[in-house]
Amino acid sequence: MLMKYKAEGESRLQEEKRITERRRNILVIVQRHLINCGYIDAANALTRECNLGLDKWEVADNIDLFYIVQDFEEYYEMKFQRKPTMVRKSFNEVDPKKQRVNLPKINSAQSNQSRDNGQNGSNSVPNIQSNVAAVGGQMNKPQGTIYNGKAPLAKQKSQNGKGEESKADTPFVLEGKNIKMLKKEEVDQVEEYFENRIIKPLPDYSFNPELKELALTIQREIINENPNVRFHDIVGLDEAKRLLKEAVLMPLKYPHFFTGILEPWKGILLFGPPGTGKTMLAKAVATECRTTFFNMSASTIVSKWRGDSEKLVRLLFEIARFHQPSTIFFDEIDSIMSSRTSTGEHEASRRMKTELLIQLDGLIKSSNERVFLLAASNLPWELDTALLRRLEKRILVPLPSKEAREDMIRKLIPTKSSDNLDYDTFSQYGSDIRLVCKEAAMKPLRRLMSEIEIQTDFNNINWSIQADPKSMPSPGPVTNQDFNNAISTTKAATHHTNIGKYQKWMDDFGSV
Ligand SMILES: Nc1ncnc2c1ncn2[C@@H]1O[C@H](COP(=O)(O)OP(=O)(O)OP(=O)(O)O)[C@@H](O)[C@H]1O
(Lines give C-alpha, C1' and ligand atoms only; values in the text may rest on other atoms or scores of the structure.)
Protein backbone atom coordinates (compact mmCIF):
# COMPACT_ATOMS: atom_id res chain seq x y z
CA MET A 1 0.00 0.00 0.00
CA LEU A 2 2.81 2.34 1.03
CA MET A 3 4.58 1.61 -2.24
CA LYS A 4 1.43 2.44 -4.16
CA TYR A 5 1.10 5.86 -2.45
CA LYS A 6 4.77 6.52 -3.05
CA ALA A 7 4.42 5.69 -6.74
CA GLU A 8 1.35 7.91 -7.05
CA GLY A 9 3.14 10.76 -5.30
CA GLU A 10 6.13 10.43 -7.61
CA SER A 11 4.03 10.36 -10.71
CA ARG A 12 2.16 13.47 -9.52
CA LEU A 13 5.49 15.21 -8.94
CA GLN A 14 6.62 14.20 -12.42
CA GLU A 15 3.42 15.57 -13.91
CA GLU A 16 3.80 18.88 -12.03
CA LYS A 17 7.39 19.13 -13.20
CA ARG A 18 6.28 18.54 -16.79
CA ILE A 19 3.64 21.29 -16.47
CA THR A 20 6.20 23.72 -15.05
CA GLU A 21 8.60 22.89 -17.86
CA ARG A 22 5.86 23.25 -20.45
CA ARG A 23 5.00 26.71 -19.16
CA ARG A 24 8.64 27.77 -19.22
CA ASN A 25 9.06 26.35 -22.74
CA ILE A 26 6.07 28.35 -23.94
CA LEU A 27 7.63 31.51 -22.56
CA VAL A 28 10.99 30.78 -24.19
CA ILE A 29 9.28 30.11 -27.53
CA VAL A 30 7.17 33.27 -27.24
CA GLN A 31 10.25 35.29 -26.36
CA ARG A 32 12.05 33.95 -29.42
CA HIS A 33 9.00 34.68 -31.58
CA LEU A 34 8.91 38.29 -30.33
CA ILE A 35 12.59 38.71 -31.16
CA ASN A 36 12.07 37.19 -34.62
CA CYS A 37 9.26 39.67 -35.26
CA GLY A 38 11.37 42.60 -34.09
CA TYR A 39 9.51 43.24 -30.82
CA ILE A 40 12.74 43.55 -28.87
CA ASP A 41 11.37 45.74 -26.07
CA ALA A 42 8.47 43.40 -25.57
CA ALA A 43 10.84 40.40 -25.47
CA ASN A 44 13.00 42.14 -22.86
CA ALA A 45 9.95 43.10 -20.85
CA LEU A 46 8.73 39.51 -20.92
CA THR A 47 12.12 38.26 -19.74
CA ARG A 48 12.15 40.74 -16.89
CA GLU A 49 8.57 40.31 -15.89
CA CYS A 50 8.39 36.54 -15.66
CA ASN A 51 11.72 36.51 -13.83
CA LEU A 52 12.59 32.95 -14.88
CA GLY A 53 15.95 33.67 -16.41
CA LEU A 54 14.50 33.13 -19.90
CA ASP A 55 17.67 34.37 -21.53
CA LYS A 56 19.47 31.31 -20.18
CA TRP A 57 17.34 29.10 -22.43
CA GLU A 58 17.12 28.81 -26.16
CA VAL A 59 14.74 27.18 -28.57
CA ALA A 60 15.93 23.77 -29.73
CA ASP A 61 15.04 21.48 -32.65
CA ASN A 62 14.12 24.34 -34.98
CA ILE A 63 10.90 24.88 -33.09
CA ASP A 64 9.05 28.02 -34.11
CA LEU A 65 5.75 29.42 -32.85
CA PHE A 66 4.55 30.02 -36.38
CA TYR A 67 5.01 26.37 -37.30
CA ILE A 68 3.50 25.18 -34.03
CA VAL A 69 0.34 27.11 -34.85
CA GLN A 70 0.39 25.87 -38.41
CA ASP A 71 0.79 22.24 -37.26
CA PHE A 72 -2.03 22.67 -34.81
CA GLU A 73 -4.32 24.06 -37.53
CA GLU A 74 -3.55 21.11 -39.79
CA TYR A 75 -4.05 18.59 -37.00
CA TYR A 76 -7.34 20.22 -36.00
CA GLU A 77 -8.61 20.29 -39.57
CA MET A 78 -7.76 16.64 -39.99
CA LYS A 79 -9.52 15.69 -36.80
CA PHE A 80 -12.64 17.89 -37.01
CA GLN A 81 -12.84 18.60 -40.76
CA ARG A 82 -12.82 22.32 -40.18
CA LYS A 83 -10.28 24.98 -39.48
CA PRO A 84 -9.93 26.01 -35.83
CA THR A 85 -11.02 29.46 -34.74
CA MET A 86 -7.80 30.60 -33.13
CA VAL A 87 -8.84 34.08 -31.98
CA ARG A 88 -12.01 36.01 -31.94
CA LYS A 89 -13.01 39.58 -31.25
CA SER A 90 -13.40 40.25 -27.56
CA PHE A 91 -16.48 42.47 -27.85
CA ASN A 92 -18.89 42.75 -30.75
CA GLU A 93 -18.58 46.49 -30.99
CA VAL A 94 -14.80 46.75 -30.69
CA ASP A 95 -13.46 48.48 -33.75
CA PRO A 96 -10.17 47.43 -35.27
CA LYS A 97 -8.38 50.57 -34.10
CA LYS A 98 -9.13 49.85 -30.47
CA GLN A 99 -8.48 46.16 -30.91
CA ARG A 100 -4.81 46.99 -30.92
CA VAL A 101 -5.06 47.79 -27.26
CA ASN A 102 -5.34 44.11 -26.54
CA LEU A 103 -2.00 43.18 -27.99
CA PRO A 104 0.27 41.80 -25.32
CA LYS A 105 2.79 44.61 -25.34
CA ILE A 106 3.95 45.51 -21.87
CA ASN A 107 5.35 48.77 -20.72
CA SER A 108 8.69 47.86 -19.23
CA ALA A 109 8.73 50.73 -16.76
CA GLN A 110 5.37 49.64 -15.44
CA SER A 111 6.37 46.05 -15.08
CA ASN A 112 9.45 46.98 -13.08
CA GLN A 113 7.48 49.20 -10.79
CA SER A 114 4.84 46.60 -10.27
CA ARG A 115 7.44 44.10 -9.19
CA ASP A 116 9.04 46.51 -6.77
CA ASN A 117 5.68 47.38 -5.55
CA GLY A 118 4.31 43.91 -5.28
CA GLN A 119 6.00 43.32 -1.98
CA ASN A 120 4.59 46.44 -0.39
CA GLY A 121 0.95 45.44 -0.10
CA SER A 122 0.11 45.65 3.55
CA ASN A 123 -3.27 44.07 3.69
CA SER A 124 -5.04 40.79 3.69
CA VAL A 125 -5.92 40.64 0.01
CA PRO A 126 -3.27 38.34 -1.39
CA ASN A 127 -0.51 40.43 -2.83
CA ILE A 128 -0.61 40.45 -6.59
CA GLN A 129 2.95 39.33 -7.06
CA SER A 130 2.60 36.61 -4.49
CA ASN A 131 -0.52 35.47 -6.30
CA VAL A 132 1.66 34.99 -9.30
CA ALA A 133 4.01 32.92 -7.22
CA ALA A 134 1.09 30.98 -5.85
CA VAL A 135 0.14 29.78 -9.30
CA GLY A 136 3.58 28.49 -9.97
CA GLY A 137 5.60 31.67 -10.44
CA GLN A 138 5.14 31.32 -14.14
CA MET A 139 3.70 34.45 -15.59
CA ASN A 140 0.94 37.01 -15.33
CA LYS A 141 -1.65 35.12 -17.27
CA PRO A 142 -4.29 37.37 -18.79
CA GLN A 143 -7.69 37.14 -17.14
CA GLY A 144 -9.60 36.35 -20.27
CA THR A 145 -9.91 39.47 -22.33
CA ILE A 146 -8.35 42.70 -21.26
CA TYR A 147 -11.05 45.30 -20.92
CA ASN A 148 -11.08 47.58 -23.83
CA GLY A 149 -14.28 49.41 -24.38
CA LYS A 150 -16.15 52.23 -22.80
CA ALA A 151 -15.24 55.59 -21.40
CA PRO A 152 -16.88 55.42 -17.99
CA LEU A 153 -16.64 59.14 -17.38
CA ALA A 154 -18.91 59.77 -20.29
CA LYS A 155 -21.16 56.88 -19.27
CA GLN A 156 -21.53 58.25 -15.81
CA LYS A 157 -22.54 61.66 -17.01
CA SER A 158 -25.27 60.36 -19.25
CA GLN A 159 -26.57 58.22 -16.41
CA ASN A 160 -26.82 61.32 -14.31
CA GLY A 161 -29.08 62.74 -16.96
CA LYS A 162 -26.76 65.62 -17.70
CA GLY A 163 -26.73 65.02 -21.41
CA GLU A 164 -23.73 64.37 -23.58
CA GLU A 165 -20.35 65.68 -22.68
CA SER A 166 -18.80 68.42 -24.71
CA LYS A 167 -16.17 66.09 -26.00
CA ALA A 168 -13.54 68.44 -27.27
CA ASP A 169 -13.78 66.96 -30.73
CA THR A 170 -12.52 70.07 -32.38
CA PRO A 171 -8.89 70.53 -31.56
CA PHE A 172 -8.60 74.16 -30.61
CA VAL A 173 -7.43 76.22 -27.71
CA LEU A 174 -8.43 79.66 -26.55
CA GLU A 175 -5.74 82.26 -26.51
CA GLY A 176 -7.24 85.40 -25.08
CA LYS A 177 -10.25 85.90 -27.28
CA ASN A 178 -8.78 84.15 -30.27
CA ILE A 179 -9.25 80.52 -31.03
CA LYS A 180 -6.05 78.86 -32.10
CA MET A 181 -6.26 75.52 -33.84
CA LEU A 182 -4.08 72.92 -32.19
CA LYS A 183 -1.15 71.57 -34.13
CA LYS A 184 -1.92 68.19 -35.61
CA GLU A 185 1.05 66.64 -33.80
CA GLU A 186 -0.30 67.76 -30.42
CA VAL A 187 -3.59 66.00 -31.07
CA ASP A 188 -1.94 63.00 -32.66
CA GLN A 189 0.38 62.39 -29.72
CA VAL A 190 -2.50 61.86 -27.33
CA GLU A 191 -4.45 59.84 -29.88
CA GLU A 192 -1.43 57.69 -30.52
CA TYR A 193 -0.87 57.14 -26.83
CA PHE A 194 -4.39 55.85 -26.30
CA GLU A 195 -4.35 53.74 -29.43
CA ASN A 196 -1.10 52.03 -28.56
CA ARG A 197 -1.51 51.87 -24.84
CA ILE A 198 -1.63 48.40 -23.41
CA ILE A 199 -3.16 47.61 -20.07
CA LYS A 200 -1.06 44.97 -18.44
CA PRO A 201 -3.04 41.76 -17.94
CA LEU A 202 -3.97 40.95 -14.39
CA PRO A 203 -2.37 38.00 -12.68
CA ASP A 204 -4.27 34.75 -12.64
CA TYR A 205 -6.87 34.85 -9.89
CA SER A 206 -8.54 31.63 -10.97
CA PHE A 207 -7.53 30.04 -7.65
CA ASN A 208 -10.00 32.44 -6.02
CA PRO A 209 -13.12 33.09 -8.16
CA GLU A 210 -14.44 35.73 -5.78
CA LEU A 211 -11.23 37.74 -5.99
CA LYS A 212 -11.13 37.22 -9.72
CA GLU A 213 -14.58 38.75 -10.16
CA LEU A 214 -13.69 41.72 -7.96
CA ALA A 215 -10.45 42.24 -9.86
CA LEU A 216 -12.24 42.17 -13.21
CA THR A 217 -14.78 44.69 -11.93
CA ILE A 218 -11.95 47.04 -11.05
CA GLN A 219 -10.05 46.42 -14.27
CA ARG A 220 -13.19 47.43 -16.17
CA GLU A 221 -13.11 50.87 -14.58
CA ILE A 222 -9.79 51.69 -16.21
CA ILE A 223 -10.26 54.29 -18.89
CA ASN A 224 -9.05 52.99 -22.21
CA GLU A 225 -10.59 55.46 -24.59
CA ASN A 226 -9.20 58.90 -24.99
CA PRO A 227 -11.51 61.21 -22.95
CA ASN A 228 -10.26 63.94 -25.26
CA VAL A 229 -10.18 66.82 -22.80
CA ARG A 230 -6.97 68.80 -22.55
CA PHE A 231 -6.07 71.16 -19.75
CA HIS A 232 -6.25 74.03 -22.20
CA ASP A 233 -9.84 73.08 -23.08
CA ILE A 234 -10.77 74.06 -19.55
CA VAL A 235 -11.42 77.74 -19.17
CA GLY A 236 -10.02 79.38 -16.03
CA LEU A 237 -9.56 77.14 -12.94
CA ASP A 238 -5.85 77.89 -13.02
CA GLU A 239 -5.21 76.93 -9.41
CA ALA A 240 -6.82 73.52 -9.81
CA LYS A 241 -4.98 72.89 -13.07
CA ARG A 242 -1.67 73.91 -11.51
CA LEU A 243 -2.14 71.57 -8.57
CA LEU A 244 -3.18 68.63 -10.72
CA LYS A 245 -0.18 69.08 -12.98
CA GLU A 246 2.02 69.39 -9.92
CA ALA A 247 0.57 66.22 -8.43
CA VAL A 248 0.55 63.98 -11.49
CA LEU A 249 2.14 65.38 -14.63
CA MET A 250 5.32 66.96 -13.29
CA PRO A 251 6.40 64.10 -11.00
CA LEU A 252 6.22 61.74 -13.97
CA LYS A 253 8.29 64.02 -16.14
CA TYR A 254 10.74 65.24 -13.50
CA PRO A 255 10.76 62.55 -10.80
CA HIS A 256 14.15 63.67 -9.44
CA PHE A 257 12.63 66.93 -8.17
CA PHE A 258 9.78 65.26 -6.35
CA THR A 259 11.56 63.44 -3.57
CA GLY A 260 11.76 63.81 0.20
CA ILE A 261 9.65 66.71 1.41
CA LEU A 262 8.76 67.45 -2.22
CA GLU A 263 7.04 64.13 -2.75
CA PRO A 264 4.01 64.49 -5.02
CA TRP A 265 0.60 65.12 -3.50
CA LYS A 266 -1.22 61.83 -2.93
CA GLY A 267 -4.78 63.08 -2.64
CA ILE A 268 -6.69 66.07 -3.99
CA LEU A 269 -10.32 67.00 -3.43
CA LEU A 270 -12.09 69.16 -6.00
CA PHE A 271 -15.27 70.60 -4.60
CA GLY A 272 -17.78 73.16 -5.75
CA PRO A 273 -21.20 73.68 -7.29
CA PRO A 274 -22.42 71.27 -9.98
CA GLY A 275 -21.33 71.86 -13.57
CA THR A 276 -18.24 73.93 -12.83
CA GLY A 277 -15.69 71.63 -14.44
CA LYS A 278 -14.63 69.11 -11.76
CA THR A 279 -15.22 66.12 -14.00
CA MET A 280 -13.60 67.97 -16.89
CA LEU A 281 -10.47 68.42 -14.78
CA ALA A 282 -10.45 64.70 -14.04
CA LYS A 283 -10.81 63.98 -17.74
CA ALA A 284 -7.88 66.25 -18.49
CA VAL A 285 -5.80 64.25 -16.03
CA ALA A 286 -6.93 61.04 -17.73
CA THR A 287 -6.12 62.46 -21.17
CA GLU A 288 -2.84 64.15 -20.52
CA CYS A 289 -1.15 62.54 -17.57
CA ARG A 290 -0.66 59.08 -19.02
CA THR A 291 -1.30 57.25 -15.82
CA THR A 292 -3.61 54.27 -15.52
CA PHE A 293 -6.85 56.05 -14.74
CA PHE A 294 -9.47 54.29 -12.62
CA ASN A 295 -12.82 56.03 -12.86
CA MET A 296 -14.61 54.80 -9.76
CA SER A 297 -18.22 55.65 -9.23
CA ALA A 298 -20.08 55.11 -6.01
CA SER A 299 -22.32 52.60 -7.74
CA THR A 300 -19.38 50.35 -8.62
CA ILE A 301 -18.19 50.31 -5.06
CA VAL A 302 -21.46 50.04 -3.25
CA SER A 303 -24.28 48.52 -5.25
CA LYS A 304 -23.18 45.06 -6.24
CA TRP A 305 -20.57 44.62 -3.59
CA ARG A 306 -22.37 45.98 -0.57
CA GLY A 307 -20.96 43.32 1.72
CA ASP A 308 -17.67 43.21 -0.13
CA SER A 309 -17.01 46.91 -0.67
CA GLU A 310 -14.16 46.82 1.78
CA LYS A 311 -12.43 44.04 -0.14
CA LEU A 312 -13.10 45.88 -3.37
CA VAL A 313 -11.46 49.06 -2.04
CA ARG A 314 -8.43 47.09 -0.86
CA LEU A 315 -8.11 45.33 -4.18
CA LEU A 316 -8.61 48.61 -6.05
CA PHE A 317 -5.52 50.10 -4.43
CA GLU A 318 -3.64 46.84 -4.93
CA ILE A 319 -4.43 46.84 -8.64
CA ALA A 320 -3.69 50.57 -8.90
CA ARG A 321 -0.24 49.83 -7.46
CA PHE A 322 0.13 46.97 -9.91
CA HIS A 323 -0.60 49.32 -12.82
CA GLN A 324 1.23 52.33 -11.43
CA PRO A 325 1.63 55.15 -12.13
CA SER A 326 -2.11 55.32 -11.49
CA THR A 327 -4.82 57.82 -10.74
CA ILE A 328 -7.94 56.75 -8.88
CA PHE A 329 -10.82 59.13 -9.46
CA PHE A 330 -13.82 59.08 -7.13
CA ASP A 331 -16.59 61.29 -8.46
CA GLU A 332 -19.21 62.33 -5.91
CA ILE A 333 -17.10 60.90 -3.14
CA ASP A 334 -19.60 62.22 -0.56
CA SER A 335 -21.94 59.39 -1.55
CA ILE A 336 -19.51 56.81 -0.19
CA MET A 337 -17.48 58.79 2.34
CA SER A 338 -19.95 60.82 4.37
CA SER A 339 -19.16 61.23 8.08
CA ARG A 340 -19.13 57.98 9.99
CA THR A 341 -21.82 57.92 12.61
CA SER A 342 -21.97 55.76 15.70
CA THR A 343 -25.59 54.82 15.14
CA GLY A 344 -27.73 53.85 12.21
CA GLU A 345 -24.87 53.14 9.83
CA HIS A 346 -24.50 49.79 8.18
CA GLU A 347 -21.51 47.87 9.49
CA ALA A 348 -20.34 47.04 5.94
CA SER A 349 -20.35 50.74 5.06
CA ARG A 350 -18.25 51.58 8.12
CA ARG A 351 -15.77 48.85 7.22
CA MET A 352 -15.50 50.14 3.67
CA LYS A 353 -14.85 53.71 4.85
CA THR A 354 -12.23 52.55 7.31
CA GLU A 355 -10.54 50.54 4.57
CA LEU A 356 -10.38 53.58 2.29
CA LEU A 357 -8.74 55.56 5.08
CA ILE A 358 -6.23 52.77 5.69
CA GLN A 359 -5.38 52.62 2.01
CA LEU A 360 -4.92 56.39 1.85
CA ASP A 361 -2.65 56.22 4.87
CA GLY A 362 -0.62 53.60 3.04
CA LEU A 363 -0.30 55.89 0.01
CA ILE A 364 0.77 58.89 2.06
CA LYS A 365 3.37 56.92 4.01
CA SER A 366 4.87 55.19 1.02
CA SER A 367 7.38 57.15 -0.98
CA ASN A 368 7.77 54.80 -3.91
CA GLU A 369 4.14 54.19 -4.82
CA ARG A 370 2.94 56.32 -7.66
CA VAL A 371 -0.77 56.15 -7.00
CA PHE A 372 -2.76 59.34 -6.74
CA LEU A 373 -6.32 59.81 -5.49
CA LEU A 374 -8.48 62.46 -7.07
CA ALA A 375 -11.89 63.04 -5.53
CA ALA A 376 -14.75 65.34 -6.49
CA SER A 377 -17.72 66.45 -4.45
CA ASN A 378 -20.62 68.89 -4.50
CA LEU A 379 -21.13 68.42 -0.77
CA PRO A 380 -17.73 68.72 0.90
CA TRP A 381 -19.28 69.53 4.30
CA GLU A 382 -20.72 66.01 4.40
CA LEU A 383 -17.35 64.32 4.04
CA ASP A 384 -15.74 62.37 6.82
CA THR A 385 -13.20 64.58 8.57
CA ALA A 386 -10.64 61.75 8.68
CA LEU A 387 -10.85 61.59 4.89
CA LEU A 388 -10.38 65.35 4.59
CA ARG A 389 -7.16 65.16 6.58
CA ARG A 390 -5.84 62.59 4.13
CA LEU A 391 -6.80 64.56 1.01
CA GLU A 392 -3.87 66.90 1.27
CA LYS A 393 -5.20 69.53 -1.11
CA ARG A 394 -8.79 70.73 -1.12
CA ILE A 395 -9.62 73.13 -3.91
CA LEU A 396 -12.78 75.07 -4.62
CA VAL A 397 -13.85 74.81 -8.24
CA PRO A 398 -16.01 77.93 -8.33
CA LEU A 399 -18.50 79.32 -10.77
CA PRO A 400 -16.62 80.83 -13.69
CA SER A 401 -15.65 84.51 -13.61
CA LYS A 402 -17.10 86.89 -16.20
CA GLU A 403 -13.97 86.54 -18.37
CA ALA A 404 -14.09 82.76 -18.11
CA ARG A 405 -17.79 82.78 -19.04
CA GLU A 406 -17.07 84.90 -22.09
CA ASP A 407 -14.31 82.52 -23.15
CA MET A 408 -16.64 79.56 -22.71
CA ILE A 409 -19.35 81.18 -24.82
CA ARG A 410 -16.81 82.01 -27.51
CA LYS A 411 -15.65 78.43 -27.51
CA LEU A 412 -19.12 76.90 -27.60
CA ILE A 413 -20.54 79.40 -30.13
CA PRO A 414 -17.61 80.77 -32.12
CA THR A 415 -18.02 84.01 -34.08
CA LYS A 416 -18.26 82.07 -37.34
CA SER A 417 -21.46 80.37 -36.13
CA SER A 418 -23.05 83.51 -34.75
CA ASP A 419 -24.49 86.76 -36.01
CA ASN A 420 -22.46 89.44 -34.18
CA LEU A 421 -23.16 87.90 -30.81
CA ASP A 422 -22.77 90.33 -27.93
CA TYR A 423 -20.36 88.11 -25.95
CA ASP A 424 -19.56 90.84 -23.47
CA THR A 425 -23.16 91.36 -22.36
CA PHE A 426 -24.08 87.69 -22.33
CA SER A 427 -21.11 86.75 -20.20
CA GLN A 428 -22.64 88.77 -17.34
CA TYR A 429 -25.43 86.26 -16.85
CA GLY A 430 -24.92 83.55 -14.29
CA SER A 431 -26.86 80.64 -15.79
CA ASP A 432 -25.37 77.30 -16.76
CA ILE A 433 -23.35 78.43 -19.76
CA ARG A 434 -23.17 75.13 -21.58
CA LEU A 435 -26.92 74.64 -21.39
CA VAL A 436 -27.65 78.24 -22.43
CA CYS A 437 -25.28 77.94 -25.38
CA LYS A 438 -26.80 74.63 -26.40
CA GLU A 439 -30.31 76.04 -26.16
CA ALA A 440 -29.29 79.13 -28.15
CA ALA A 441 -27.60 77.00 -30.80
CA MET A 442 -30.74 74.83 -31.06
CA LYS A 443 -32.83 77.81 -32.16
CA PRO A 444 -31.46 78.19 -35.73
CA LEU A 445 -31.68 74.41 -36.09
CA ARG A 446 -35.32 74.46 -34.96
CA ARG A 447 -36.06 77.16 -37.56
CA LEU A 448 -34.49 75.01 -40.25
CA MET A 449 -36.36 71.91 -39.06
CA SER A 450 -39.73 73.66 -39.22
CA GLU A 451 -38.96 74.85 -42.77
CA ILE A 452 -38.09 71.31 -43.74
CA GLU A 453 -41.31 70.10 -42.16
CA ILE A 454 -43.35 72.49 -44.28
CA GLN A 455 -41.65 71.36 -47.48
CA THR A 456 -41.61 67.62 -46.82
CA ASP A 457 -44.30 65.07 -47.30
CA PHE A 458 -43.73 63.02 -44.16
CA ASN A 459 -46.05 60.25 -45.33
CA ASN A 460 -43.65 59.37 -48.10
CA ILE A 461 -40.35 59.80 -46.32
CA ASN A 462 -37.93 56.90 -45.78
CA TRP A 463 -36.77 57.43 -42.19
CA SER A 464 -34.19 54.69 -42.34
CA ILE A 465 -31.97 56.58 -44.81
CA GLN A 466 -29.88 59.42 -43.43
CA ALA A 467 -29.99 62.69 -45.31
CA ASP A 468 -26.90 63.62 -47.28
CA PRO A 469 -25.39 66.62 -45.40
CA LYS A 470 -24.20 68.12 -48.70
CA SER A 471 -27.75 68.37 -49.96
CA MET A 472 -28.97 70.19 -46.82
CA PRO A 473 -28.89 73.92 -46.07
CA SER A 474 -27.02 74.95 -42.91
CA PRO A 475 -29.04 76.02 -39.85
CA GLY A 476 -27.71 79.59 -39.98
CA PRO A 477 -26.06 81.71 -37.29
CA VAL A 478 -27.09 82.13 -33.65
CA THR A 479 -28.53 85.60 -33.12
CA ASN A 480 -28.60 87.85 -30.06
CA GLN A 481 -32.34 87.24 -29.90
CA ASP A 482 -31.72 83.46 -29.78
CA PHE A 483 -29.27 83.93 -26.94
CA ASN A 484 -31.59 86.21 -24.98
CA ASN A 485 -34.41 83.69 -25.31
CA ALA A 486 -32.14 80.87 -24.18
CA ILE A 487 -31.08 82.84 -21.10
CA SER A 488 -34.65 83.56 -20.11
CA THR A 489 -35.69 79.90 -20.33
CA THR A 490 -32.61 78.27 -18.75
CA LYS A 491 -32.24 78.65 -15.02
CA ALA A 492 -29.01 78.00 -13.12
CA ALA A 493 -28.98 74.66 -11.33
CA THR A 494 -27.20 76.08 -8.28
CA HIS A 495 -28.81 78.60 -6.07
CA HIS A 496 -26.73 81.69 -5.34
CA THR A 497 -27.06 81.22 -1.58
CA ASN A 498 -25.14 77.94 -1.89
CA ILE A 499 -22.18 79.66 -3.52
CA GLY A 500 -21.42 81.44 -0.25
CA LYS A 501 -21.51 78.10 1.54
CA TYR A 502 -18.77 76.72 -0.73
CA GLN A 503 -16.64 79.82 -0.23
CA LYS A 504 -17.10 79.58 3.56
CA TRP A 505 -16.10 75.91 3.50
CA MET A 506 -13.07 76.80 1.41
CA ASP A 507 -12.08 79.47 3.96
CA ASP A 508 -12.44 76.95 6.81
CA PHE A 509 -11.08 73.75 5.29
CA GLY A 510 -9.56 74.58 1.90
CA SER A 511 -5.92 74.01 1.04
CA VAL A 512 -4.42 75.08 -2.26
N1 LIG B 1 -14.07 75.64 -16.79
C2 LIG B 1 -14.74 75.10 -17.80
N3 LIG B 1 -14.23 75.20 -19.05
C4 LIG B 1 -14.90 74.69 -20.10
N5 LIG B 1 -16.10 74.06 -19.99
C6 LIG B 1 -16.64 73.94 -18.78
C7 LIG B 1 -15.99 74.45 -17.62
N8 LIG B 1 -16.76 74.18 -16.55
C9 LIG B 1 -17.84 73.53 -17.00
N10 LIG B 1 -17.77 73.39 -18.34
C11 LIG B 1 -18.80 72.75 -19.18
O12 LIG B 1 -19.80 72.25 -18.30
C13 LIG B 1 -19.96 70.84 -18.47
C14 LIG B 1 -20.15 70.21 -17.12
O15 LIG B 1 -18.92 70.24 -16.41
P16 LIG B 1 -18.47 69.08 -15.42
O17 LIG B 1 -19.24 67.83 -15.71
O18 LIG B 1 -17.01 68.99 -15.42
O19 LIG B 1 -18.99 69.68 -14.07
P20 LIG B 1 -18.87 69.06 -12.62
O21 LIG B 1 -18.30 70.13 -11.76
O22 LIG B 1 -18.16 67.75 -12.65
O23 LIG B 1 -20.39 68.84 -12.26
P24 LIG B 1 -20.99 67.81 -11.20
O25 LIG B 1 -20.48 68.24 -9.87
O26 LIG B 1 -22.44 67.97 -11.34
O27 LIG B 1 -20.49 66.43 -11.58
C28 LIG B 1 -18.71 70.37 -19.17
O29 LIG B 1 -18.95 69.28 -20.01
C30 LIG B 1 -18.29 71.59 -19.97
O31 LIG B 1 -18.96 71.60 -21.20
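Residues numbered from 1 in each chain as written. Predicted model: local features only at pLDDT ≥ 70, side-chain atom pairs only at ≥ 80, totals over all residues. Heavy atoms only, no water.

Looking at an unreviewed UniProt entry, the protein chain carries the name Katanin p60 ATPase-containing subunit A-like 2, with the source organism given as Stylonychia lemnae. In its Catalytic activity (unreviewed entry) section, the UniProt record describing the protein chain reads: "n ATP + n H2O + a microtubule = n ADP + n phosphate + (n+1) alpha/beta tubulin heterodimers." Per UniProt, the protein chain has the following entry under Function (unreviewed entry): "Severs microtubules in vitro in an ATP-dependent manner. This activity may promote rapid reorganization of cellular microtubule arrays." (UniProt positions renumbered as here; feature names shortened; annotations may be inferred.)

A. Summary view of the nonpolar core. In this structure, Leu269, Phe294, Ile328, Phe330 and Ile333 are the most contacted members of the largest nonpolar core, which totals 44 residues. Tallying contributions element by element places helix H13 (residues 309-322) first for this core, with 8 residues. With near-sequence residues (within four places) excluded, Leu269 lies in contact with Ile333, Ala375, Ala376, Ser377, Leu383, Leu388, Leu391, Lys393, Arg394, Ile395 and Trp505. One finds Val229, Ala247, Leu281 and Phe293 within the second-largest nonpolar core, a separate group that totals 25 residues. (Core = buried A, V, L, I, M, F, W, Y, C linked by side-chain atoms within 4.5 Å. Buried < 20%, exposed > 50% of the residue type's maximum accessible area, 1.4 Å probe, protein only. Helix = DSSP H or I, 4+ residues; strand = E, 2+ residues; numbered from the N terminus. Contact = heavy atoms within 4.5 Å.)

B. Representation of helix H18 (residues 433-455) within the structure. Here H18 spans 34 Å end to end across 23 residues, near enough to the 33 Å set by a 1.5 Å rise per residue. In the structure, H18 departs most strongly from a straight axis at Lys443, where the bend amounts to approximately 25° and where the proline Pro444 lies between one and four residues downstream. Turning to H18, its buried residues are Ile433, Val436, Cys437, Ala440, Lys443, Pro444 and Leu448. Taken together, the buried residues of H18 touch helix H16 (402-412) and helix H19 (480-489). (Expected span 1.5 Å × (residues − 1). Bend = angle between axes of the 7 residues up to and from the residue.)

C. Broad picture of a nonpolar patch on the surface. A surface patch of nonpolar side chains, amounting to about 420 Å² of accessible area, comprises Phe72, Tyr75, Met86 and Val87. Summarising the element assignment, Met86 is placed in the loop between helix H3 (65-80) and helix H4 (96-99). (Patch = residues over 30% accessible without salt bridge, like charges linked within 9 Å, V, L, I, M, F, W, Y side chains within 5 Å. Areas by Shrake-Rupley, 256 points an atom, 1.4 Å probe, with all protein chains shown as cover. Salt bridge = Lys/Arg side-chain N within 4 Å of Asp/Glu carboxyl O.)

D. Focus on the sheet that holds strand S3 (residues 267-271). Within the open sheet, the 5 strands sit side by side as S4-S5-S6-S3-S7. Their pairing is parallel. Among the strands making up the open sheet, the edge pair consists of strand S4 (292-296) and strand S7 (393-396). Across the sheet, the axes of successive neighbouring strands diverge by a mean angle of 15°, strand direction being ignored. Pairing of strand S5 (residues 326-330) with strand S6 (residues 371-377), which is carried by 5 bridges, proceeds in the parallel orientation. Its bridge partner lying in S6, Phe329 is registered against Leu374. (Pairing = 2+ DSSP bridges. Axes fitted to C-alpha atoms, helices over the stretch in contact; angles between N-to-C directions.)

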